[in-house]
Amino acid sequence: MTSDASSSKMQKRITISLREDQYAGLEEVAEDLGVNLSDAAREAINTFLLKEHWGRTIGTLAESEIKKGMTNEEVLARVMDKFPHARTTKDSIAWYRSRLRREDPEVPTDREAKVRRGAV
C-alpha cells in the first residue's frame, strides 16, 4: 500500500504512445526521483497541471476579475466555477490582489471593491 495522496482516490488507466525522446526523458525523471515510470508520469502530469496549466490560468482569471473591480468572494466564485478542482482559497485571491496593488495602487482593495459593488 502506498502513502501518496492519489492512492486513496479512484484511478483510471490510460494508454499513450511517446516519442523516443519523451520516453527517455521520462526514464530520466523516474531515475532521478527513484520511482517507476508510472509514478514519474503521474508526477510530470501533476507538475504540469498544478504549475503550468491551472497555475497560470487560475492566476490570470483571478487577476482579470480583480482588475474589473470584483470582490475577493466574487473572484473566488468565478475561479471555482471555471476550475472546480482547484484548491484556491480567499487567501489565494487576497494574495493576487496584494501583488497587483504593489504593481498598481489603483487596483481597489477588497473593501473598496465591496463598497463600489454595494456589498458593504
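Here the residue numbering is sequential within each chain, running from 1 through the sequence in written order. In view of the model being predicted, local features appear only for residues whose pLDDT reaches at least 70, and side-chain atom pairs are presented and counted only at 80 or more, with totals across whole chains, interfaces and linings using the full set of residues. To obtain the side-chain values, all non-hydrogen atoms of the structure were used and water was disregarded.

**What to know about the confidence of the model for the protein**
Confidence along the protein averages 88 in pLDDT terms, with 88% of residues attaining 70 or more. No element of the protein has a lower mean pLDDT than helix H2 (residues 37–67), at 86, and none a higher one than helix H3 (residues 72–82), at 96. Predictor confidence is given residue by residue as pLDDT, running from a minimum of 0 to a maximum of 100. We count a stretch as a helix when DSSP gives it H or I for four or more residues in a row; a strand needs E for two or more, and each element gets its number in order from the N terminus.

**A look at the nonpolar core**
Only buried Ala, Val, Leu, Ile, Met, Phe, Trp, Tyr and Cys residues count toward a nonpolar core, and they belong to the same one when joined by side-chain atoms within 4.5 Å. Throughout this description, buried means an accessible area under 20% of the type-specific maximum (1.4 Å probe, protein chains only), exposed means over 50%, and partly exposed covers the range between. Membership of the largest hydrophobic core comes to 14 residues, with the highest contact counts inside it found for Ile58, Ala62, Ile66, Val75, Val79, Phe83 and Ile93. If you list the elements that add at least two residues to this core, you get H2, H3 and helix H4 (90–103). In terms of residue count, H2 provides more of this core than any other element does, four residues in total. Sequence-distant contacts of valine 79, defined by excluding residues within four places in its chain, comprise Ile58, Leu61, Ala62, Thr88 and Ile93. Residue contacts are defined here by distance: any two heavy atoms, one from each residue, within 4.5 Å place the two residues in contact.

**A few points about the side chain of glutamate 65**
Within the secondary structure, glutamate 65 is located in helix H2. The exposure class assigned to glutamate 65 is buried, which follows from its relative accessible area of 4%. Residues within four places of glutamate 65 in sequence aside, it is in contact with Met70, Val75 and Arg78.

**Examining helix H1 (residues 20–33)**
Multiplying one less than the number of residues by 1.5 Å gives the expected span of a helix. Spanning 14 residues, H1 covers 20 Å between terminal C-alpha atoms, matching the ideal 20 Å at 1.5 Å per step. Looking one or two places after H1, you find glycine 34, whose phi comes out positive at around 70°.

**Side note on a nonpolar patch on the surface**
Candidates for patches are residues over 30% relative accessible area with no salt bridge; among them, like charges are joined within 9 Å and nonpolar side chains (Val, Leu, Ile, Met, Phe, Trp, Tyr) within 5 Å. For the area figures, the Shrake-Rupley method with a 1.4 Å probe applies, and any residue is considered shielded solely by the protein chains shown. What makes a salt bridge here is a side-chain nitrogen of Lys or Arg within 4 Å of a carboxyl oxygen of Asp or Glu, nothing more. On the surface, a nonpolar cluster with roughly 410 Å² of combined accessible area is contributed by Ile14, Ile16, Leu18 and Tyr23. With respect to the element layout, leucine 18 can be found in the segment before H1. The class for leucine 18 is partly exposed, based on a relative accessible area of 38%.

**Some thoughts on the environment of threonine 89**
With respect to the helices and strands, threonine 89 occurs in the loop between H3 and H4. Spatially, the C-alpha atoms of threonine 89 and asparagine 72 are 9.4 Å apart, while their sequence positions differ by 17 residues.

**A word on the pattern of salt bridges**
Within this structure, the stated rule accounts for nine salt bridges. The shortest N-O distance in the salt bridge between arginine 117 and glutamate 74 comes to 2.6 Å. Remark: glutamate 74 occurs in helix H3 and arginine 117 occurs in the segment after helix H5 (110–116); sequence separation between them is 43 residues. Measuring nitrogen to oxygen at the nearest pair gives 3.4 Å for the salt bridge that ties lysine 114 to aspartate 110. You can see lysine 114 and its partner aspartate 110 sitting in helix H5, four residues apart, about one turn around the helix. Look at lysine 114 and you get partly exposed, because its relative accessible area is 23%. Overall, the relative accessible area of 15% leaves aspartate 110 in the buried class. What you see here is one network of salt bridges that share partners, running through Glu73, Lys90, Asp110 and Lys114.

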